[in-house]
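If you want the building blocks of each chain, they are given just below.
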Amino acid sequence: MKSDYLKRCISTYSIVGCDPDREEVGIAVQSKFPAVGSAVPWAKGGIGAVATQAWANLSYGNTGLELLQQGLHPEEVIKKMTDADEGKDVRQVGVVDVKGRSATFTGKDCTDWAGGIAEKNFAAQGNILTGANVVEAMAKTFVDTKGDLATKLMESLTAGQNAGGDSRGMQSAAIYIVKVGAGYGGFSDRLVDLRTDDHKNPIAELSRLLDMSRFYFGKTKEGNISKIEGDVKSYLLSVLTKSGHYSGDTNSDWNQEMHDAFNLYSLTENFDERLAPFGMIDNEVLEFMKNNC
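Residues numbered from 1 in each chain as written. Predicted model: local features only at pLDDT ≥ 70, side-chain atom pairs only at ≥ 80, totals over all residues. Heavy atoms only, no water.

Enquirer: Which parts of the structure should I look at to understand the pattern of salt bridges?
Expert: Pairs can form between side chains of opposite charge once their charged atoms are near each other. Considering all chains together, one arrives at 16 salt bridges under this definition. With a closest N to O distance of 2.6 Å, Arg-101 and Asp-97 form a salt bridge. Looking at Arg-101, the relative accessible area reads 27%, which means it is partly exposed. Arg-208 is paired through a salt bridge with Glu-205; the nearest N and O atoms lie 2.8 Å apart. With Arg-208 and Glu-205 both in helix H6 (residues 202–217) and 3 residues apart, the pair spans about one turn of that helix. In this structure Glu-205 comes out as buried when scored by relative accessible area, which is 18%. (Salt bridge = Lys/Arg side-chain N within 4 Å of Asp/Glu carboxyl O. Buried < 20%, exposed > 50% of the residue type's maximum accessible area, 1.4 Å probe, protein only. Helix = DSSP H or I, 4+ residues; strand = E, 2+ residues; numbered from the N terminus.)

Enquirer: Mind showing me how you'd approach the environment of Gly-37 here?
Expert: Positionally, Gly-37 belongs in the loop between strand S2 (24–31) and strand S3 (41–44). Distance in space between the C-alpha atoms of Gly-37 and Val-143 is 24 Å, their sequence separation being 106 residues.

Enquirer: Help me understand the sheet that holds strand S5 (residues 91–97), please; the structure alone is not making it clear to me.
Expert: Two pairing modes exist for strands in a sheet, parallel and antiparallel, and in both the strands are linked by backbone hydrogen bonds. Spatial strand order, S3-S4-S5-S6: 4 strands in an open sheet with antiparallel pairing. Each end of this open sheet is capped by a strand with a single partner; those strands are S3 and strand S6 (102–106). Between one strand and the next, the sheet's axes are offset by a mean angle of 10°, whatever the strand orientation. Relative to S6, S5 runs antiparallel, the two being bridged by 5 bridges. Paired with Val-93 across the strands is Phe-105, a residue of S6. Set on the sheet, helix H2 (residues 59–69) makes contact with S3, strand S4 (48–54) and S5; between it and S4 the angle comes to about 150°. Contacts between helix H3 (residues 74–83) and the sheet are confined to S5 and S6, with S6 contributing the most and set at about 30° to the helix. (Pairing = 2+ DSSP bridges. Axes fitted to C-alpha atoms, helices over the stretch in contact; angles between N-to-C directions. Contact = heavy atoms within 4.5 Å.)

Enquirer: When you look at the pairing of S2 in this model, what are you seeing that I'm missing?
Expert: Consecutive residues of a regular strand have side chains that alternate between opposite faces of the sheet. In terms of burial, S2 is a largely internal element, 8 of the 8 residues being buried. Burial along S2 is two-sided: Glu-24, Gly-26, Ala-28 and Gln-30 and Val-25, Ile-27, Val-29 and Ser-31, pointing in opposite directions, are all buried. For strand S1 (residues 12–19) and S2, the ladder comprises 8 bridges, and the chain directions are antiparallel. Each bridged residue has a counterpart across the sheet, and for Ile-15 the counterpart in S2 is Ala-28. Where S1 folds back onto S2 in an antiparallel hairpin, the turn is made up of 4 residues, including Glu-23, whose phi is positive at roughly 60°. Pairing geometry for S2 and strand S9 (residues 172–178), over 7 bridges, is antiparallel. Bridging across to S9, Ala-28 finds its partner in Ile-175.

Enquirer: Please clarify how the side chain of Gln-53 should be interpreted in this entry.
Expert: Assignment of secondary structure puts Gln-53 in strand S4. A polar atom in the side chain of Gln-53 sits 2.7 Å from the side chain of Ser-14. (Polar contact = N/O pair within 3.5 Å; in protein donor to acceptor, adjacent residues only side chain to side chain.)

Enquirer: Explain the environment of Asp-189 here, please?
Expert: If you trace the backbone, Asp-189 turns up in the loop between S9 and strand S10 (190–196). Counting along the chain gives 165 residues from Asp-189 to Glu-24, while the straight-line C-alpha distance between them is 9.6 Å. For Asp-189, the residues in contact, after removing those within four places along its chain, are Lys-44, Gly-45, Ile-177, Val-178, Lys-179, Val-180, Gly-181, Ala-182 and Gly-183. Within the structure, the side chain of Asp-189 is placed 2.7 Å from the backbone nitrogen of Gly-45, a separation counted as a polar contact.

Enquirer: What is the right way to read helix H4 (residues 133–144) from this model?
Expert: Because an α-helix completes one turn every 3.6 residues, residues spaced three or four positions apart along the sequence face the same direction. The first and last C-alpha atoms of H4 sit 16 Å apart over 12 residues, in line with the 16 Å expected at 1.5 Å per residue. Buried residues of H4: Val-134, Val-135, Met-138, Ala-139, Thr-141 and Phe-142, and no others. Along the long axis of H4, the arc covered by the buried residues comes to 170°, so they all point the same way. Where H4 is buried, its residues touch S1, strand S7 (115–119), strand S8 (122–126) and helix H5 (149–162). (Expected span 1.5 Å × (residues − 1). Arc of directions from axis to C-beta.)

Enquirer: Looking at this model, I keep getting lost on unusual backbone geometry. Mind explaining?
Expert: The general pattern is negative phi for most residues beyond glycine and trans for most peptide bonds. The step from Asp-112 to Trp-113 runs through a cis peptide bond, and the omega angle for that step is -10°. Of note, Trp-113 is situated in the loop between S6 and S7. The phi angle at Asn-121 is positive, at roughly 80°, despite the residue not being glycine. Here Asn-121 is to be found in the loop between S7 and S8. Given a relative accessible area of 15%, Asn-121 falls into the buried group. Notably, Asn-270 is not glycine yet its phi reads approximately 65°, a positive angle.

This is the structure in structure tokens:
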């Protein structure tokens, strides 16, 4: 049984977390296992998050979320799932709800080092790790890190790796965060949904993807816009002319033709969430253009 388990198990470390003030819940995970994001993380906006791993029972994902939606405490959720599972001794699971209540479970036959820590707003767990210090580092980092949930989860994942991580090495990573109505256009709860399925340094790559996601899917910060005039206007018109989006007069003040050309360019470059009022530009868009155009 154990040798079979070692071949199949999702040896990994993960952290499920909650930001009750923002009503965000999510998971970050890294593993010497390809496409770990396709198996471990499960979450539902306004409800909670579940990480199922080791010799993972993927039914824990939907079942756990359904039980959370019924109002059960994460400890009760895990008990119900494991009591009904003949293979519970080789399962590992972490659960957090949108209120910040949490629980973690490690079956007695999970391969060392295996274990977890559950405290307010998070549960960190892992198996086949270099030692207990991996989950301890994740837990401490989650508590100590300032910022949004994505920042806390990514910093915790990095801390786990720096403490030794998965004893077999690195291969894939994922971060999944949900909030009701926070997805693209407000039509889903997927605030962050990113995966690195096969990479030599999956956490660093995941961090890069998160920065990209924040830029493309984040909205303009209040007051972080500039008037299109002077050098800014000249630069934008040079880019628009070079890209073929504008061919008119470049000496006049910013006008509707220029505005329409810039909006078309912005949509082409996927700046959808950062379209500014007439005569204005998001400063992050301007910085991005200067660094990449």
